[in-house]
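Coordinate inspection notes
Next come the chains, spelled out residue by residue.
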Amino acid sequence: NAGVTQTPKFRILKIGQSMTLQCTQDMNHNYMYWYRQDPGMGLKLIYYSVGAGITDKGEVPNGYNVSRSTTEDFPLRLELAAPSQTSVYFCASRSTTFNSPLHFGNGTRLTVT
Amino acid sequence: AQKVTQAQTEISVVEKEDVTLDCVYETRDTTYYLFWYKQPPSGELVFLIRRNSFDEQNEISGRYSWNFQKSTSSFNFTITASQVVDSAVYFCALTSGTALIFGKGTTLSVSS
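What you see is a predicted model; the values in this text were computed from it and never measured.

Residue and element names in this part refer to chain A. Overall, antiparallel pairing links the four strands, which are arranged β1-β3-β8-β7 in an open sheet. This sheet does not close on itself; its edge strands, each paired only once, are β1 (4-7) and β7 (64-66). Between one strand axis and the next, the sheet turns by 20 degrees as a mean value, whatever way the strands run. Both β1 and strand β3 (residues 19-25) contribute to a ladder of four bridges, which runs antiparallel. Considered in β3, the bridge of Q6 is made with C23.

What follows deals with the pattern of salt bridges. Tallied over the entire structure, the rule returns five salt bridges over all chains. Ionic pairing is found between E79 of chain A and R77 of chain A, a salt bridge with its closest N-O pair at 3.1 Å. As a salt-bridge pair, R63 of chain B and D86 of chain B come within 2.7 Å of each other at their nearest N and O atoms. Taken as a pair, R63 of chain B in the loop between β7 (59-61) and β8 (64-69) and D86 of chain B in the loop between β9 (74-79) and β10 (88-95) lie far apart in primary sequence, 23 residues in all. Each of R51, D55 and E59 of chain B takes part in salt bridges that share partners, so that together they form one network.

Moving on, we get to the side chain of S53 of chain B. All names here are of chain B. Note on placement: S53 falls in the loop between β6 (46-52) and β7. On the accessibility criterion, S53 (1% relative accessible area) is buried. Leaving out residues up to four positions away in the same chain, S53 has contacts with T30, T31, Y32, F68 and K70.

Right, let's talk about the interface of chain A and chain B for a bit. Accessible area lost on assembly of the parts is the figure often given for the size of an interface. Between chain A and chain B, the contact holds 21 residues from the first and 22 residues from the second. In total, about 1800 Å² of surface goes out of reach between chain A and chain B, with carbon and sulfur atoms giving 65% of it. In this structure, the connection of chain A to chain B is made through zero salt bridges. If you look at where chain A meets chain B, you find six residue pairs in polar contact (both at pLDDT 80 or more). When contributions to the side of chain A that touches chain B are tallied by element, the ones reaching two or more residues are β4 (31-38), β5 (42-51) and β9 (87-94) of chain A. With five residues, the top contributor of residues to the side of chain A that touches chain B is β5 of chain A. For the side of chain A that touches chain B, the per-class residue count stands at 13 nonpolar, six polar and two charged.

Glancing now at the packing of aromatic side chains. A full pass over the atoms with the stated rule returns 21 aromatic pairs over all chains. Centre to centre, the rings of Y25 of chain B and F68 of chain B are 6.2 Å apart; their planes meet at 40 degrees, and the pair counts as tilted. Residue Y25 of chain B is located in strand β4 (residues 24-26), and its partner F68 of chain B is located in strand β8; the two are separated by 43 residues in the primary sequence. Both residues of the pair, Y25 of chain B and F68 of chain B, belong to the buried class. On the basis of an interplanar angle of 85 degrees and a centroid distance of 6.0 Å, the ring pair of Y64 of chain B and W66 of chain B is categorised as edge-to-face. Following the ring pairs from residue to residue traces out a cluster consisting of Y33, Y35, Y48, F90 and F104 of chain A together with F35, Y37, F47, F91 and F102 of chain B. Positioned over the ring face of F74 of chain A is R68 of chain A, at 5.9 Å from the centre of the ring.

Conventions adopted
Residues numbered from 1 in each chain as written. Chains lettered and ligands numbered in written order. Predicted model: local features only at pLDDT ≥ 70, side-chain atom pairs only at ≥ 80, totals over all residues. Heavy atoms only, no water. Pairing = 2+ DSSP bridges. Helix = DSSP H or I, 4+ residues; strand = E, 2+ residues; numbered from the N terminus. Axes fitted to C-alpha atoms, helices over the stretch in contact; angles between N-to-C directions. Salt bridge = Lys/Arg side-chain N within 4 Å of Asp/Glu carboxyl O. Buried < 20%, exposed > 50% of the residue type's maximum accessible area, 1.4 Å probe, protein only. Contact = heavy atoms within 4.5 Å. Buried area = accessible area lost by both parts, 1.4 Å probe. Polar contact = N/O pair within 3.5 Å; in protein donor to acceptor, adjacent residues only side chain to side chain. Nonpolar A, V, L, I, M, F, W, Y, C, P; charged D, E, K, R; others polar. Phe/Tyr/Trp six-rings, centres within 6.5 Å; stacked < 30°, edge-to-face > 60°. Lys NZ or Arg CZ within 6 Å of the ring centre and 35° of its normal.

Given below as structure tokens:
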């Protein structure tokens, strides 16, 4: 099993450009998440989804959008990229069992200049 | 609101020393789960352990041990006889529902 797959691994954007970070999982998990990691700040939750067609905001949703049309895919959209969005982005998934751990992708390193 | 505090930003030890990473949490929920994750220099996030709010037994796994105390809202992580391969960022996390809230992490550097 591939687990959680994120693409791309690296990306450089210019201010004002847009892009979509892709995330797909093959574990049939209903719950999916997007986090960003900034140095010394830990992981901040951007958006999450409890199933296809359902999404909800996390701690830092401004400047991002998500969709969940299938159980497998949970893309993160950046519109009008800003330098403050320079970060490492992690996608994660888990089963609906209350204590199930998150399975993380390997991350996308995004730089906005 | 829920919160996880890892007050130790960075810790440096020499191999074979024991080291404890502190985690203090805040929640109003009576049912919740606590987790520890490891992020080695390669960047991936690795699940280490989970503990539910009703189980205060300490846990030991090889050189790793965890001490959960509800009275002090703490879930501390001890590495015994540290090794260079333990060098990583360690995150404590909390959930009582859907979202998992992380602390800011503790960077552990183990030198030989």
